[in-house]
Amino acid sequence: MTLGNLIAWDDTILPFQLDNCDVRGRVVRLDGTLDTVLSQHKYPPAIEALVAEAALLTAMIGQSIKLRWKLSLQIRGDGPARLIATDYYAPEKEGDPAMVRAYASYDEDRLDADAPAFDQIGKGFFAVLIDQGDGKTPYSGMTPIAGNSLSDCAQVYFAQSEQLPTRFHLSFGRSTWAGGEESWRAGGVMLQHMPKASPHVTGEGGSGEGGVLSADDVLGENDKENWSRANILLSSVEELELIGPSVSPTALLTRLFHEEAPRVYDPQQVRFGCTCSEDRVRESLSIYSVKDIAYMTKDNGRLTADCQFCGAHYDLDPATVGKDAKGQDSEA
């Protein structure tokens, strides 16, 4: 692959369809985007891994729905990794990139350096939240933490909440070009059976572990065979094929699924982006009384706020925020 082709496929999401087995999917590459997300904080390796996986899932899931504004993932647990939060913002207009941001809240003293990253979450839930903007009712779906990875949790979510057999195969990590600096490279493939009525679902629980719905519960015999075949083909993928740089997403699809008549659509660019602003900070503080604002004010007489996603710092005059604000802070 030439350098030009490499750059062209960095930070992209490629939608595709496998016509012969009625399966759709996404190939994602998050390179500079993930590098920027993780550079906002100095996370321990286990937390970096969880944020990287969550960011990949968010990009694929967000691009796979008819999203007008924002999709968020929230992973909350009772372990050292208390919260992983991600957002995917749909492009404002055709040709614009989508935006991804992510952060984690964790208890460093409780982290186990020898335990798998996923085990640091403990018991909790995996939530998908969709906000289509003003005038639209937000959607939220939630499933318990399950399986051995965040990808497993996402697959359970689609099986339970959407009754759609879904598979994620991801790879991510630090990489170094010869003579270059170390940076993050990440990629993955999402497979999803095309939506259909599911006459086999009875509402009495599924055949999967813990009563989770599986493909056998929602697909007819022909569809089961097609879905199984697509999954077997995906299982043959190599980790370096997922993250590049020597294999393009189109070449990867051809290699894996050439007998399934793969059809690709226009790729979607994705970038790191944050929507925080001073106006949004002021709006979030507008519900607090003078007493509340005074409690939040620091000893130096200023009220400060930091964005967990991008690290932006806001320094405000307490008299200009809250329910009884007297005016804007000219120094902020």
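Residues numbered from 1 in each chain as written. Predicted model: local features only at pLDDT ≥ 70, side-chain atom pairs only at ≥ 80, totals over all residues. Heavy atoms only, no water.

Asker: Could you give an account of the packing of aromatic side chains, naming the residues involved and the relevant values?
Answerer: Tallied over the entire structure, the rule returns 6 aromatic pairs. Relative to Y106, the ring of Y43 has its centre 6.0 Å away and its plane inclined at 70 degrees; by these criteria the two rings are edge-to-face. Remark: Y106 occurs in strand β5 (residues 98-106) and Y43 occurs in the loop between α2 (32-39) and α3 (45-64); sequence separation between them is 63 residues. The exposure class of Y43 is buried, given its relative accessible area of 7%. A centroid spacing of 5.9 Å and a plane angle of 65 degrees characterise the contact between W69 and Y89, whose relative ring orientation is edge-to-face. Of this pair, W69 sits in the loop between α3 and β3 (70-77) while Y89 sits in strand β4 (residues 81-89), and the two are 20 residues apart along the sequence. Through pairs of rings, three or more aromatic residues link up here, namely Y157, F158 and F168. Its end group placed over the ring of F309, R101 keeps NZ or CZ at 3.8 Å from the ring centre. (Phe/Tyr/Trp six-rings, centres within 6.5 Å; stacked < 30°, edge-to-face > 60°. Helix = DSSP H or I, 4+ residues; strand = E, 2+ residues; numbered from the N terminus. Buried < 20%, exposed > 50% of the residue type's maximum accessible area, 1.4 Å probe, protein only. Lys NZ or Arg CZ within 6 Å of the ring centre and 35° of its normal.)

Asker: Please set out the environment of Q160 residue by residue, giving values where relevant.
Answerer: Within the fold, Q160 resides in helix α4 (residues 150-162). C-alpha separation for the pair Q160 and T143, spaced 17 residues apart in sequence, amounts to 7.8 Å.

Asker: Lay out unusual backbone geometry with the relevant residues and their values.
Answerer: Residues other than glycine seldom take positive phi values, yet D11 does so here, at roughly 55 degrees. Within the secondary structure layout, D11 lies in the loop between α1 (3-9) and β1 (12-18). Judged by relative accessible area, D11 falls into the buried class, the value being 9%. Although it is not a glycine, Q163 adopts a positive phi angle of roughly 55 degrees.

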